[in-house]
Amino acid sequence: MKEKRERKAQEELALKAQLEKENEQDKKTLAQLKASITEDTKADTTKKIKSTEAAIKKRDRELLAIHRRKKYTPEEMCHVVDERTIVNSEKKMPTDLKDLDYEKYVKRYEKKLETYSKLETESLSQGFLIKNAELLHEHCSGFLLLKALDFEMKGETATMVKVVKQYLIVQYVLDLAKSMGGKDPREVLLPFFKKLEDSEKMAGLQEEVASFAEKIKARAKVKLEEQAKEREGKQTFIGEDGKEYEYVELTKEERLGPGGLDPIEVLQSLPKPLQEAFEKKDMEMLQRAIAALPIEEAKRHMDRCTKSGLWNPSGAAAEEDAGSGTPEKGASS
């Protein structure tokens, strides 16, 4: 299998060299044709020019296809010529860095992680990683991966793609250091970015970004579907803080008010006008419903409402003094 891959790679290289050679020859021919065009030969020469340009474009498409078929390994993205690369020792790495779990790592370096995730150029990323080498860590990769997924789930695809690029840069450096016998990632950082100055290597990275972004999209779709299934049958509401909350059904013991009565049972036993007043939290409606009842019956109902937590006499008095006109929110079904 390995020999077959190597033979295929050699064939691709030979084809690439042949296509580039033919393109170079046709480009010279094209320049000569354009320089020699006259009124008498214009029609014939124009036809030859179009034919030559079409041939060049066809070869360019073949060359692009060859480029896309090539998979770059970390070693190809960055080859360290000098094995004696010296790591700048002015800033020592934290001694406990290897022992930090994910949560502690993110808590310590969250600001730096957020800043790095937003960088958009290779030069800025290079400089930031040189100054903050503690980000050359597997937990950094994990943070960026989760962040990319979160952006895609929120529909922010453009931002997700940018984060994916930052993730791949860190991951490439880590993979390269590991493949070279466990070198310190700082030793391969500069050579890696130096290689990215090559347009072909940069194109390879961009293709990997696009490919990985598609994987993130697929995963985000699955996650959203899973969340939608989890929400099925659940009732939610939007709180005053704008966040979504889920209604949770309490047991009877958890619902009991200060007097030991169940607010749901009490509410269901009230006369219809009183039920509606409590459900609508309408103080005027509540006052009218109470006034319409015999005094003893009204006292009995309100006493039970107090013991169940549906009614708070002291809270109601304070609201009336403030002129709010709204009864205190009680338990609901």
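The structure this text deals with has already been given above.
Because the structure is a prediction, the values reported are computed rather than measured.

Scoring rules and cut-offs
Residues numbered from 1 in each chain as written. Predicted model: local features only at pLDDT ≥ 70, side-chain atom pairs only at ≥ 80, totals over all residues. Heavy atoms only, no water. Core = buried A, V, L, I, M, F, W, Y, C linked by side-chain atoms within 4.5 Å. Buried < 20%, exposed > 50% of the residue type's maximum accessible area, 1.4 Å probe, protein only. Helix = DSSP H or I, 4+ residues; strand = E, 2+ residues; numbered from the N terminus. Contact = heavy atoms within 4.5 Å. Polar contact = N/O pair within 3.5 Å; in protein donor to acceptor, adjacent residues only side chain to side chain. Phe/Tyr/Trp six-rings, centres within 6.5 Å; stacked < 30°, edge-to-face > 60°.

Draft legend 1. Local environment of the nonpolar core. Within the largest apolar cluster, 42 residues are counted, with the highest numbers of intra-cluster contacts made by Tyr 105, Tyr 116 and Leu 135. Counting residues per element, the ones that place at least two in this core are helix H4 (102-117), helix H5 (122-131), helix H6 (138-153), helix H7 (157-179), helix H8 (185-195) and helix H9 (199-231). Counting residues per element, this core draws most heavily on H7, which supplies twelve residues. Beyond its immediate stretch of four places on either side in the chain, Leu 135 contacts Tyr 105, Tyr 109, Lys 112, Leu 113, Tyr 116, Phe 128, Leu 129, Cys 140 and Val 170. If you look at the next biggest cluster of nonpolar residues, it comprises 16 residues, including Leu 267, Phe 278, Ala 298 and Trp 311.

Draft legend 2. The side chain of Thr 45, seen in detail. Within the fold, Thr 45 resides in helix H2 (residues 42-69). In this structure Thr 45 comes out as buried when scored by relative accessible area, which is 7%. Among the polar contacts listed, one links the side chain of Thr 45 to the backbone oxygen of Thr 41, at a separation of 2.7 Å.

Draft legend 3. Fine view of the packing of aromatic side chains. A full pass over the atoms with the stated rule returns six aromatic pairs. Taking 5.1 Å as the distance between ring centres and 35 degrees as the angle between the ring planes, the aromatic pair formed by Tyr 167 and Phe 212 counts as tilted. Here Tyr 167, found in helix H7, pairs with Phe 212, found in helix H9; they are 45 residues apart in sequence, far enough to count as distant. Among the residues examined, Tyr 167 registers a relative accessible area of 10% and is labelled buried. Relative to Phe 193, the ring of Phe 192 lies with its centre 5.4 Å away and its plane at 85 degrees, an arrangement referred to as edge-to-face. For Phe 192, a relative accessible area of 1% puts it in the buried group.

Note that all results are geometric; they support no functional claim without further evidence.
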